[in-house]
Amino acid sequence: MPKSKAYVSDSDDSSEEEKKSVKKQKKEKEEEKKAVSSKKSKSEDDDTVWDLGNNRQVNVRNFKGNFYVDIREMYYDKDGDLKPGKKGICLSMSQWRKFMSVVEEVDKVAKSKC
């Protein structure tokens, strides 16, 4: 006999309609949570997001009490929402400051090669 959580017989008293209504309620709750979180995050992140073009963005975010600069490629999901992709880099503030200290030198070298 397979190791399953419960054995469900065909003579169960619950109807298919009850099962569907429970699933619908769960879906509605998940959609409500998504809507609330997306409204909150969009209003908070508008100040700290800069568009670089070609679906790339720079974002300053707070994670577990620490601030990070996130340079990331974005993509559109099947619902048409813009989501962060795998390609990108997240720099701590000390790494960001170090990067900013060498930007001028890197820019000079890049211009000389072009």
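The preceding data block contains the structure.
A few points on the structure. These numbers come from a predicted model, not from an experiment.

Looking now at the pattern of salt bridges. In total, this model carries four salt bridges according to the counting rule given. A salt bridge links Asp-107 to Lys-111; the nearest nitrogen and oxygen atoms lie 3.4 Å apart. Highlighted residues: Asp-107 and Lys-111, both in helix 2 (residues 93-113), separated by four residues, approximately one helical turn. What you see here is one network of salt bridges that share partners, running through Arg-61, Asp-70 and Arg-72.

Take the side chain of Ser-92 next. Within the secondary structure, Ser-92 sits in strand 4 (residues 82-92). For Ser-92, a relative accessible area of 19% corresponds to the buried category. A polar contact is formed between the side chain of Ser-92 and the side chain of Ser-94, at a distance of 3.2 Å. Not counting chain neighbours up to four residues away, the residues in contact with Ser-92 comprise Phe-67 and Tyr-68.

Here we take up the sheet that holds strand 3 (residues 66-76). Adjacent strands of a sheet pair through backbone hydrogen bonds, lying either parallel or antiparallel. Judged by pairing direction, the sheet is antiparallel, and its four strands sit side by side in the order 1-2-3-4 without closing on themselves. Two strands in the sheet have a free side with no partner beyond their single neighbour: strand 1 (49-53) and strand 4. Pairwise comparison of adjacent strand axes, ignoring direction, gives a mean angle of 30° for this sheet. Sheet topology places strand 1 next to strand 2 (residues 56-63); four bridges connect them, and they run antiparallel. Across the sheet, the residue bridging to Val-49 is Asn-59, located in strand 2. In the packing of helix 2 onto the sheet, contacts are made with strand 3 and strand 4, and the angle to strand 4 comes to roughly 80°.

Another point: the pairing of strand 2. Between the antiparallel neighbours strand 1 and strand 2 lie two residues, among them Asn-54 with a positive phi of about 50°. Sheet analysis places strand 2 next to strand 3, joined by eight bridges and oriented antiparallel. The residue of strand 3 that forms the bridge with Phe-63 is Asn-66. Between strand 2 and the antiparallel strand that follows it, strand 3, lie two residues; Lys-64 among them carries a positive phi value of about 55°.

Conventions and cut-offs
Residues numbered from 1 in each chain as written. Predicted model: local features only at pLDDT ≥ 70, side-chain atom pairs only at ≥ 80, totals over all residues. Heavy atoms only, no water. Salt bridge = Lys/Arg side-chain N within 4 Å of Asp/Glu carboxyl O. Helix = DSSP H or I, 4+ residues; strand = E, 2+ residues; numbered from the N terminus. Buried < 20%, exposed > 50% of the residue type's maximum accessible area, 1.4 Å probe, protein only. Polar contact = N/O pair within 3.5 Å; in protein donor to acceptor, adjacent residues only side chain to side chain. Contact = heavy atoms within 4.5 Å. Pairing = 2+ DSSP bridges. Axes fitted to C-alpha atoms, helices over the stretch in contact; angles between N-to-C directions.

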